[in-house]
Each structure stands twice: as C-alpha cells, then as structure tokens.
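# A structural walkthrough
Here are the chains, one letter per residue:
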Amino acid sequence: MTEHPSFMLSHLLDGLREVLPEADLSDLAAYQERAAQTTSSKEAEWKRAFRCAQWSEEIVGLPAHRHLAADAERSLEAVRLVEGTAATALGQLVPSGLHVSNDFAVEITWVYEALRVAERAAATVGWSSVPWRRLLDDLISIGDEGSPPQ
C-alpha cells in the first residue's frame, strides 16, 4: 500500500466536481473522504480504470444511451479485449496489449470516457438517473486483493 490515494479515483472525483449540480456536491465530498483511504497500487489502479470502462459499456448499452457509444469507444474496445481472455476471469493477468504503464496513459482514458458518458447521459435523463455513486462505490471497494461487486 502506498501513501497516495487512488490516482484513478482522484481524477474521476475532480471531473465530477466540475460537472455535477450543486445539490450533489456534498455527496461527492463524502466520497472524497472515502477515496483518501484507498490504495494506489498498479493492480488496484488498473482494476479501477477497467471498472470505469465496464461502467461506460453498461451505460451506453442502455437503449436510451446507445447514441453515446462514440464517447466510450476506447472503453468498449478495452472491455471486449479484456473480457475475452480467460486470464482476466481469473484475475491473474492483463492481456499483453493492455498493461499498466507508469503514467496510466491508456487506462486514464477509460476514466475520462466514463465521466464524458455520465455527463452526456445526465444531459438527457438528469444526474439523478445516472448511477455515478455506484461507480464511485465500486472503485472505492477495489483494493490490492479485491475486485468490485458484479
């Protein structure tokens, strides 16, 4: 465990702070406190980024949001590639084309795609209908050994 909170969570929280309505910012502050207790190991960070990609796929898979698929293009590609491997199901390996770099250059795009999908979905259905809290709960629940609830 490192001394720094999750890089992926920090970026998602910062992005949400910029787009959420004023009424939801107090909820976001509570998530910020919880996120400060998370780990930032490469394994946990990769799992958080991938969960963002999965979340984006779930949202754009809903009939009301299919038009947002272009906003989650990288996420959708990553989910198809990663979920297509037996190693991922075991939680042991990451496919060679998708690795955690020192800078998380690939993985951070999945976080920002989730943010973009959330914002565009909210423009259609309102923030109260976008499950951003569930995404944050999932990301916070990921530790060095754990994985989010399915």
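Whatever comes next refers back to the structure up there.
So, here's what we can say about the structure. Model, not experiment: these values are computed from the prediction.

Turning our eyes to something else, we now look at helix α3 (residues 42–60). With 19 residues, α3 ought to run about 27 Å at 1.5 Å a step, and its terminal C-alpha atoms sit 27 Å apart, in line with that. Buried residues dominate α3, accounting for 15 of its 19 residues.

Geometry of an aromatic ring pair is reported as the spacing of the ring centres plus the angle between the planes. Applying the stated criterion across every chain yields a total of four aromatic pairs. Between the aromatic rings of W46 and W110, the centroid separation amounts to 6.1 Å while the plane-to-plane angle is 80°, which identifies the pairing as edge-to-face. Here W110 lies in helix α6 (residues 107–125) and W46 lies in helix α3, a separation of 64 residues in the sequence. Owing to a relative accessible area of 8%, W46 belongs among the buried residues under this scheme.

Packing of helix α2 (residues 25–35) against helix α7 (residues 132–141) brings their axes to within 10 Å, and their N-to-C directions diverge by 10°. In this view, α2 runs roughly parallel relative to α7, as classed from their interaxial angle. Contacts from D27, L28, Y31, R34 and A35 of α2 reach α7 at W132, R133, L136, D137 and I140. Considered class by class, the residues forming the contact of α2 with α7 number six nonpolar, no polar and four charged.

What counts, and at which threshold
Residues numbered from 1 in each chain as written. Predicted model: local features only at pLDDT ≥ 70, side-chain atom pairs only at ≥ 80, totals over all residues. Heavy atoms only, no water. Helix = DSSP H or I, 4+ residues; strand = E, 2+ residues; numbered from the N terminus. Expected span 1.5 Å × (residues − 1). Buried < 20%, exposed > 50% of the residue type's maximum accessible area, 1.4 Å probe, protein only. Phe/Tyr/Trp six-rings, centres within 6.5 Å; stacked < 30°, edge-to-face > 60°. Axes fitted to C-alpha atoms, helices over the stretch in contact; angles between N-to-C directions. Parallel < 35°, antiparallel > 145°, perpendicular 65-115°, else oblique. Contact = heavy atoms within 4.5 Å. Nonpolar A, V, L, I, M, F, W, Y, C, P; charged D, E, K, R; others polar.

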